[in-house]
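Spelled out from the first residue to the last, the chains are:
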Amino acid sequence: MIQIVGASSLKRLFEFCQSNKVDLKKHITAISGLSLNPHAKSNLKNLKFLCTQGYLHRKKLLIWHDIINNSLNAHRSNNFRANTISNLCTTLLQLKDQITAIVYCQRGGLPNIYEELTNTGILVLHVQKHLLSPRKKQNCSVLKEFTSLHPSQSVELNILITLWRYQFQLSSLLKNKRSKKKKPSKKNRRSQRNRTSAVV
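Definitions and cut-offs
- Residues numbered from 1 in each chain as written.
- Predicted model: local features only at pLDDT ≥ 70, side-chain atom pairs only at ≥ 80, totals over all residues.
- Heavy atoms only, no water.
- Axes fitted to C-alpha atoms, helices over the stretch in contact; angles between N-to-C directions.
- Helix = DSSP H or I, 4+ residues; strand = E, 2+ residues; numbered from the N terminus.
- Parallel < 35°, antiparallel > 145°, perpendicular 65-115°, else oblique.
- Contact = heavy atoms within 4.5 Å.
- Expected span 1.5 Å × (residues − 1).
- Buried < 20%, exposed > 50% of the residue type's maximum accessible area, 1.4 Å probe, protein only.
- Core = buried A, V, L, I, M, F, W, Y, C linked by side-chain atoms within 4.5 Å.
- Pairing = 2+ DSSP bridges.
- Arc of directions from axis to C-beta.

Q: Looking at this structure, I do not really get the packing of helix H1 (residues 8-19) against helix H9 (residues 153-165). What am I missing?
A: What describes two packed helices is the angle between their axes and the distance between those same axes. Where H1 meets H9, the axes come as close as 10 Å, and the angle between the chain directions of the two elements is 90°. As judged from the angle between their axes, H1 and H9 are roughly perpendicular. Each of Ser-9, Arg-12, Leu-13, Phe-16 and Cys-17 in H1 lies in contact with H9, whose residues at this interface are Gln-153, Ser-154, Glu-156, Leu-157 and Leu-160.

See below:
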């Protein structure tokens, strides 16, 4: 089983899951301010420490997008010292054996590092590219949600459920070939059959 690990966005989502009776308590670790930043004020907010010396040691992880974005954001939790992209990728490589996948979306005001993340050889699932339905990919309000500090819990819940459903075949989500064509309604199917019969 994978452990989904994240920061405040995942924590809010976890609380939302509990209120909606979605039980993933054993499979989620969410710590506000958690990052892969060596300047973190506390080791308990440093994912690398938790993976090498803490309670996440040897666990298989799915890293939530807020950890990646927190790492690149100057904040009081890291003495306002953002991590560099190269150092972040080096740290991810050091933890590569533990990381099953990274869920990524670019937070507003931060650089887009999707290409750098994929170059690590770790499976990277881009929210907008791989985890949204074709219809939602065209929805500007949904796309905008994932550039905010804390996306809507209801929107993120759909992503979480998809990831959990595919947890043993996450790489298949890279294809994201769900059809845009809607299944005809029962009424339309009957009508189509009647037209076909009339032609025959």
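Q: Would you explain H9 in this entry?
A: For the α-helix, the turn length of 3.6 residues means that residues three or four positions removed from each other point alike. Here H9 spans 18 Å end to end across 13 residues, near enough to the 18 Å set by a 1.5 Å rise per residue. Every buried residue of H9 is accounted for by Val-155, Glu-156, Leu-157, Ile-159, Leu-160, Thr-162 and Leu-163.

Q: How should I be thinking about the nonpolar core in this particular structure?
A: General note: in soluble globular proteins, nonpolar side chains tend to be found buried as a group. Membership of the largest hydrophobic core comes to 27 residues, with the highest contact counts inside it found for Trp-64, Leu-160 and Leu-163. Per-element tally for this core: the top contributor is H9, with 5 residues. In contact with Leu-160, other than residues within four places in its own chain, are Ile-4, Leu-13, Cys-17, Leu-24, Ile-28 and Trp-64. In this structure, Val-5, Ile-31, Ile-63 and Ile-102 belong to the second largest nonpolar core, which totals 25 residues.

Q: Help me understand the sheet that holds strand E4 (residues 99-104) in this model?
A: Taken in spatial order, the 5 strands line up as E2-E1-E3-E4-E5 in an open sheet, and their pairing is parallel. A strand with exactly one partner marks an edge of an open sheet, and here the two such strands are strand E2 (28-30) and strand E5 (124-126). Strand after strand, the sheet turns through a mean of 20° between neighbouring axes, direction not considered. By the bridge criterion, 3 bridges tie strand E3 (residues 61-63) to E4 in an arrangement that is parallel. Directly across from Leu-62, in E4, lies its bridge partner Ala-101. Contacts from H1 reach strand E1 (3-6) and E2 within the one sheet, and its direction differs from that of E2 by about 130°.

Q: Could you clarify how one ought to interpret helix H4 (residues 85-94) in this entry?
A: Along H4, the residues classified as buried are Leu-88, Cys-89, Thr-91 and Leu-92. Buried residues of H4, seen end-on, are gathered within an arc of 160° and therefore sit on one face of the element. Contacts made by the buried residues of H4 are with helix H2 (47-52), E3, helix H3 (65-71), E4 and helix H5 (114-118).

Functional significance is not addressed by these values, which are geometric in nature.
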